[in-house]
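Tertiary structure, described
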Amino acid sequence: MKQILFRLFFAGQAAAVVLGSSACNKLLDPTPVQQLPADEAITDAGSARSATIGVYDRVQAYYQLNWPVLGFLPGENVRFNGTLNQFLQIDQNQLSADNVLITEAWTQLYQAVNGANNVVAALPGLSDPLLPAAEKNQLLGEAYFLRALAYFDLGRGWGGVPLVLTPTRTKENGQGLRRSTLAKTYDQVLADLTQAESLLPDIATRNRAVKASARALRARLHLYRQQWADAETYASQLISSPNYSLVSPYRAFSTAPFLSRESIFELTFSNADANLMWNNWFPSALGGQFNFQPVPAAIALLNDPAVGGNRAALLASTVIGGANVTYGNLYSRSAQRDDPSYVLRLAEQYLIRAEARARLGNLTGALADLNVVRGRAGVPASTAATAADLLLAIENERRVEFAFEADRWFDLVRTGRAGTVLGVTDQRRWVFPIPFNDLVADPGLEQNPGY
Amino acid sequence: MKTSTLRRALLFLLWGGAITASPAQSNTGPLVSGTVTDAASHTPLPGVTVIVKGSSAGTTTDANGHFSLAAPTEGALEFSYVGYAKQEVLAAGSPLAVALRPDLQQLSEVVVTGYSEQNRKTLTSAISSVRGETLQNIPAASPDQLLQGHAPGVQVSANSGVPGGGIFIRIRGSNSVNASNDPLYVVDGVFINNTNLIATGLGNQVSANPLADLNPQDIESLEILKDANATAIYGSRGANGVVLITTKRGKAGDKTRLTFNTYHAWSKAPKQYQLASGPELATLENERFINDGGDPTLRPYRPVAAGGRGRPEEQPTYDRLQDVFRTAATQSYELSAAGGSAKTQFYIGAGYFRQESIARPSAFDRFSLRVNLDNSVTEQLRIGTSTALARTRRNVSSNDNNPVGVINSALFPRTNLPVFNPDGTYAKYGSFDNHLALINNLNNDAVGTRVISNVYVDYKLLKGLTLRSSWSIDFNDMYENNFNNTLILAGQPRGTANSFLARDITLLNEQTLNYSIDFDENHSLQALIGNTLQRNTLQRTSLAGQQFPGNDLTTIASAATQTGSSSRSEAGLVSFFGKATYSFRQRYTADVSVRADASSRFGRANRWGYFPAVGLGWRLGEENFVKDLNIFQELKLRGSLGKTGNQAGISDFAALGLVQGGANYLDLPGTAPLQLANPNLSWESTRQWNVGLDAAVLHSRLLLELNYYDKYTSGLLLNVPVPRKTGFASVVENYGAVSNRGVEVQLTATWLKSAAVQWSTTFNVARNVNRIEKLAAPITTGSRDIFRLQEGAPLYSFWLYHQTGVNPETGDAQYQDVNGDGQLTVADRQLVGNAWPNYFGGVSNSFAYKGFDLGFTLNFEQGAKIMNMNRFFLVHGGTQSNIGYLAEQLNRWQRPGDVTDIPRLTTNPASNNYGGVVQNLSDRYLEDGSFLRVRTLSLGYTVPTAVAAQAHLSSLRVYVQAANLFTITPYSGLDPEVNSQSGVANTKNFDWATVPQPRTFQVGATVGF
């Protein structure tokens, strides 16, 4: 008995030792099952598709909350009604460089850039019979378009930014690369859009980039650069395209199943890939947090039949504690959670062309374009007669047309009217601060003056 | 190949040693019997361990102090008993009469060290021991919390008063920034998982403490290994200190003892928030309106007839907090049986513990079962197991940093707003839920299953040479089911549900070869080598459902939309270790140890780490020149130096550059870059030296233990910020250094020790100075970036604007202009204090007279700062339109000449009073968190044995106890022991709608059958 036990025991020990040494290597080299090594990320048709989809995901990430907020909250339509100070700072036009929303947006934007850089770098050299040339061009074009969008937003947000154009493998990527000028940044956007336009298919997909998306963004770029003729040309391409038309009433473009004929580029969400923007607008009685509340002046404008017209549908109201409370209803799909983020709409192209024409002296054309937008909203046609009146009318039209989208702040900064309209007289405050933490991590980075 | 040589050598020793084994002599001989008594009182001592010297054969004395066992005629018997000096008697002349002398010196106790035991006399390390019985009736769920105030240099603080929730524990400070700072817990040789598995988001709070799966009543002793000499044998896992938990076992020859232990306790919040009433709130709001330039005739609280909300004095006040806080019940039942024959010993314990949170509706309960078995198969071969099973259930609810938490929803809404709408539905304001809706409808259920089991085989190869092999599993499983109905915000709009399953499994195999020899009277040697193989697998599955047909169908099967996800991660660790202790006349002792670890988390070239340590001890008191002084009964100098490592807390694949899936769009699969590669990633290592002094004076009535240590952690596993233009925010690198230096003092005074009266007091105090020595760039963390890590400053430093005062003329807050540029920008934010105490410690006192015992424990911390976020939010000057006010806001500046630190009410950003650039991040909400707390106060009575015997009981003790009876503190919040964002690394002492530590009254009884 004793002997048997000894033998069993020693056999067990021997087994443990043998297993131990061979098991060591297995123990020490587990393979990740939910990540891929970075250098194996884009190797064939399937991974090229996934990597491109991944860039959309990053653009989705900053367009879901942060970018619309940075567009509307510094404006005068919406006030912050919650507890998070980073939003309050934005509402009060008192940004500081440690604002965590600014940091998050900046980070997400460059994540999108890096994702696009990966696709741009890997695709040209990729040969997989399962990836037809047309699709390869499309994926590449999408990456160029999304990079252009990210750099455009970086430029209008912060001014000139470092232009990183190669995928990051080590943290040294882009070392020594300093901020470029805003002009250089916009030049890069133009270069990417030119590439995108040539590579992308000429179809009417509305939630992935196509030729029209590149043209629409280009029209906006030219508007921001005050290149009026180009802005008019590109906007006209969209306006004259049979694939696009304004939908009526106003509410139709933001009504499920979305992807209306007005939409040029929108980011689609679904219940599995949810957009929780509604949560910020709905009062808590309806399950939201009521962080963003339309201000009385904006409510009055939207409800005014001569100004808002059927854009009053952007508002809804409910009774809380016996009192009527009005809230923003653009993002309203609380159950389905599939509100899109609106990036490029045809209405904007009309207003771009209107402004460009007004600048170019074509007042009749400008007025006509403006009134197309007003007509759709069910408000009387504008009778603005001078260029100045027209420009003001266009500015005011944008305020109600894009009331809760990423526009108002950038629009007033672009036209130099943020001081007059919003009272932000310190022009240094017309760009966002570079995140404080990134200045520390990146010695080459310079802060915008005034922060 | 240094590593494989070492490995082969160790393997040879293990394997080769086994081959050369030969069965040793067995101990048999004539029966020897006798009686053991107390030398002073001559009363018999039951339960004394009697061992034939040089063997494992032994027994214990019975209730009358009798023993009998077989012993070789020329052999010697060793008698040992807790609290008495060990005695050796020749086994000649049966019956023997042995009188044991009380031993006042804890210095001679046996201390469990890594993989071995050692007499405290020869110990060269800094190790604190805490006996299980001193802790067992404290009404807390987990054993780590019980250590509070009991061990010098061990800082323990509960994150909140939620039962079974997370604990902040640091042994000699924090060494690491990104890697874990929690000690390693080893329960009966099993390295246990300490990862919180609860996935339900509760507001940045670590919601579960995995140690709450252990029943404190099963614990025999806790040893806290603090210096490198003690912890280096745990190598890469030892840097943060090691807590060895030894559970109760049966003793050879003990008659089976049945013990029933129970207590019931009632807890309440010791303090309540002071909110501004409805009329006060309305007055403040009117004032804010006018200060903002509003037309006084249009102030919001004006007569209803004038279109207002009614005059201030007409405003009602609703007290929501009274609905949240309750008198919470705790109950504990524990039944154990312990005993054994000469061959087989056992301990079986079963327990049930249930504790309600003082904040509705959370509660925790635990069923636990432990079986510890040891069997001597032959004289040489011993097998056994330590197995614990636990099933825990938590009814969790969110609080802390969560607007839809229960406390938040009661604390923050304005007091003049009704709880219910006119139609009887729950009224909700701003971002907040309705507290009653939450209390009545929260349905978050987390059920944990835990198995910690170890089986071992001990084989005595030769005299003094033992081979041990042990196989262990730590299986931790958490199953959560949440349903949010439509009455609460989380359930909007049509009901939501989540189900999470997490499984954390550690498998461990370990071999040790232990050699112990006394060459002669002068020389003794203890040596050990061993190896460990370890694998950890963490898997998580989550399911979510939205849109339910109604509030009665609560499983995800009923949901219209069902989504799911799963994840898996794995890590391995291979280790070899050895240590030796040589002692000359128990006067001079030298220790040396080394461990080599290979971790799968690092690249091939860097995976091996070597962690050596040495320790020296000199019992000066044994030298004649000290003996002649006739002052010291013990005087010992100790010193040690060593290195330990850390790899906990980084992700399993941190060294690899990875692209992750799940970056989906249009419901198509997408991939996106996740992290940058760092093939050079390796261990974070801590160098520590320690010098210590142990002394006993006044006939060993006064014991002193003194330690000074210096730790330097370098190669920090750090998320080093990288320029974000790369598309990444950080990369894990070995960069940076943190130091901790400190001193620990423990004094034990035995005032009286006679048969009738015993009175002793232990006092300990420690100071730790933490400093970030090297950091690539400052790192901000926590809500609103309130914490900032910066070179030269300690961890847990608060980064805020320093308010110099409130201008008595204008009523506006004034802040220090740090860079002197005349304007207030983020550059003027500065480190204004930190969460470390200057010193902390505890006092425990026990007094016994005849059958009565009286004890108390105090613990204290001095100088730590707390960021009081409740004031941050509730003293907002009008900037928060949906939040009420603390009564403190009434102290605001009102008119020129007012001197106060609460500025004028206004929402104007230019004033920076509450909003603006400062965003209320002012140090006026940073407070002194010093405290002195009466942790426990207990009075017990042990019924005389004779009386108990009449009731057919062998013993009976009844007691009453109060926990947290009172706390002396300048802190204005509910409780200075608070850590609301424990789930966020590098933050501490952050108070935000957190459940305070309750004041508890308790009655209990321990019955022996």
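Residues numbered from 1 in each chain as written. Chains lettered and ligands numbered in written order. Predicted model: local features only at pLDDT ≥ 70, side-chain atom pairs only at ≥ 80, totals over all residues.

With an unreviewed UniProt entry as reference, chain B is termed TonB-dependent receptor, source organism Hymenobacter montanus. For chain B, the Sequence similarities (unreviewed entry) comment in UniProt is given as "Belongs to the TonB-dependent receptor family." On record in UniProt, under Subcellular location (unreviewed entry), the comment for chain B is "Cell outer membrane". (UniProt positions renumbered as here; feature names shortened; annotations may be inferred.)

By the naming in an unreviewed UniProt entry, chain A goes by RagB/SusD family nutrient uptake outer membrane protein and is assigned to Hymenobacter montanus. Taken directly from UniProt, the Sequence similarities (unreviewed entry) text for chain A runs: "Belongs to the SusD family." According to its UniProt record, chain A has this under Subcellular location (unreviewed entry): "Cell outer membrane".

**Topic: the overall build of chain A**
When helices and strands are tallied, chain A shows 17 helices and seven strands. With the principal axes as the frame, chain A shows a C-alpha extent of 110 × 60 × 45 Å. The buried share among the 451 residues of chain A stands at 57%. (Helix = DSSP H or I, 4+ residues; strand = E, 2+ residues; numbered from the N terminus. Buried ≥ 20, exposed ≤ 12 C-beta atoms within 10 Å, placed from the backbone.)

**What to know about the sheet that holds strand E1 (residues 35-37) of chain A**
The sheet built from three strands is open, its strands ordered E1(A)-E30(B)-E31(B) with antiparallel pairing. The open sheet terminates on both sides in strands that have one partner only, identified here as E1 of chain A together with strand E31 (671-675) of chain B. Within the sheet, the average angular offset between the axes of one strand and its neighbour, ignoring direction, is 40 degrees. (Pairing = 2+ DSSP bridges. Axes fitted to C-alpha atoms, helices over the stretch in contact; angles between N-to-C directions.)

**Points about the nonpolar core**
In this structure, Val 59, Val 119, Leu 146 and Ala 148 of chain A are the most contacted members of the largest nonpolar core, which totals 248 residues. Broken down by element, the residue count for this core peaks at 13 residues, all from helix H6 (residues 133-158) of chain A. Residues contacting Leu 146 of chain A, with those up to four places away along its chain left out, are Val 55, Tyr 56, Val 59, Ala 112, Ala 116 and Ala 209 of chain A. Judged by nonpolar contacts, the second largest core, of 70 residues, contains Ala 158, Ile 233, Val 574 and Phe 576 of chain B. (Core = buried A, V, L, I, M, F, W, Y, C linked by C-beta atoms within 7 Å. Contact = placed C-beta atoms within 7 Å.)

**Description of the sheet that holds strand E15 (residues 219-225) of chain B**
All names here are of chain B. The strand order across the open sheet formed by five strands is E10-E15-E16-E13-E14, and the pairing between neighbours is mixed. Each end of this open sheet is capped by a strand with a single partner; those strands are strand E10 (127-131) and strand E14 (190-191). With four bridges joining them, strand E13 (residues 184-187) and strand E16 (residues 242-247) adopt parallel strand pairing. Residue Tyr 185 lies in a different strand from E16, and its bridge partner there is Val 243.

**Digging into H6 of chain A**
An α-helical turn contains 3.6 residues, so any two residues separated by three or four positions project in the same direction. Taking 1.5 Å per residue, 26 residues should reach 38 Å; H6 of chain A reaches 37 Å between its end C-alpha atoms and fits that length. Across the 26 residues that make up H6 of chain A, a large majority, 21, are buried. (Expected span 1.5 Å × (residues − 1).)

**Some remarks on the UniProt feature "domain: TonB-dependent receptor-like beta-barrel" (unreviewed entry) in chain B**
Mapped onto this numbering, the UniProt entry gives "domain: TonB-dependent receptor-like beta-barrel" (unreviewed entry) at residues 437-961 of chain B. The span residues 437-961 of chain B carries 4% helix and 57% strand; its end-to-end C-alpha distance comes to 35 Å.

**Let's talk about the domain arrangement of chain B**
Split into domains, chain B comes out as domain 1 (2-103) and domain 2 (143-269 + 325-796 + 835-870 + 928-1008). Each of domain 1 of chain B and domain 2 of chain B was reduced to a C-alpha centroid, and the two centroids are 35 Å apart. (Domains from an automatic or database assignment.)

**Focus: the environment of Tyr 144 of chain A**
Residues and elements named next belong to chain A. Within the secondary structure, Tyr 144 is located in helix H6. Between the alpha carbons of Tyr 144 and Leu 392 there is a distance of 34 Å; along the sequence they are 248 residues apart. Ignoring any residue separated from it by four or fewer positions in sequence, one finds Tyr 144 in contact with Val 120, Asp 192, Gln 195, Ala 196 and Leu 199.

**Details of unusual backbone geometry**
Residue Pro 249 of chain A is bonded to the preceding Ser 248 of chain A through a cis peptide linkage, with omega at -5 degrees. Looking at where Pro 249 of chain A falls in the secondary structure, it is placed in the loop between helix H9 (228-239) and strand E3 (263-267). The residue after Arg 360 of chain B, namely Pro 361 of chain B, is reached through a cis peptide bond having omega -10 degrees. Assignment of secondary structure puts Pro 361 of chain B in the loop between strand E19 (344-356) and strand E20 (363-376).

**Side note on the interface of chain B and chain A**
Contacts between the two partners involve 95 residues from chain B, matched on the other side by 86 residues from chain A. Broken down by secondary-structure element, the contributors of at least two residues to the side of chain B that touches chain A are helix H1 (2-19), strand E22 (444-462), strand E24 (496-518), strand E25 (523-546), strand E26 (561-584), strand E30 (658-661) and E31 of chain B. If one sorts the elements of the side of chain B that touches chain A by residue count, E26 of chain B sits on top with eight residues. Relative to E30 of chain B, E1 of chain A runs antiparallel, the two sharing three bridges. In the sheet register, Gln 35 of chain A faces E30 of chain B, and the bridge partner there is Gln 660 of chain B.

**Considerations on the UniProt feature "domain: SusD-like N-terminal" (unreviewed entry) in chain A**
Here, the residues flagged by UniProt with the feature "domain: SusD-like N-terminal" (unreviewed entry) are residues 87-223 of chain A. Secondary structure across residues 87-223 of chain A divides into 62% helix and 0% strand, with the first and last C-alpha atoms of the span separated by 29 Å.

**Quick word on the packing of helix H2 (residues 45-64) of chain A against H6 of chain A**
Residue and element names in this part refer to chain A. Contact geometry of H2 with H6 gives a least axis separation of 10 Å together with a crossing angle of 20 degrees. Considered as vectors, H2 and H6 are oriented roughly parallel to each other. Of the two possible hands of crossing, H2 and H6 adopt the one that is left-handed. The residues of H6 that touch H2, namely those facing Ala 48, Arg 49, Thr 52, Val 55, Tyr 56 and Val 59, are Leu 139, Glu 142, Ala 143, Leu 146, Leu 149 and Ala 150. Looking at the contact of H2 with H6 residue by residue, the class counts come to nine nonpolar, one polar and two charged. (Parallel < 35°, antiparallel > 145°, perpendicular 65-115°, else oblique. Left-handed = near helix turned anticlockwise from the far one by under 90°. Nonpolar A, V, L, I, M, F, W, Y, C, P; charged D, E, K, R; others polar.)

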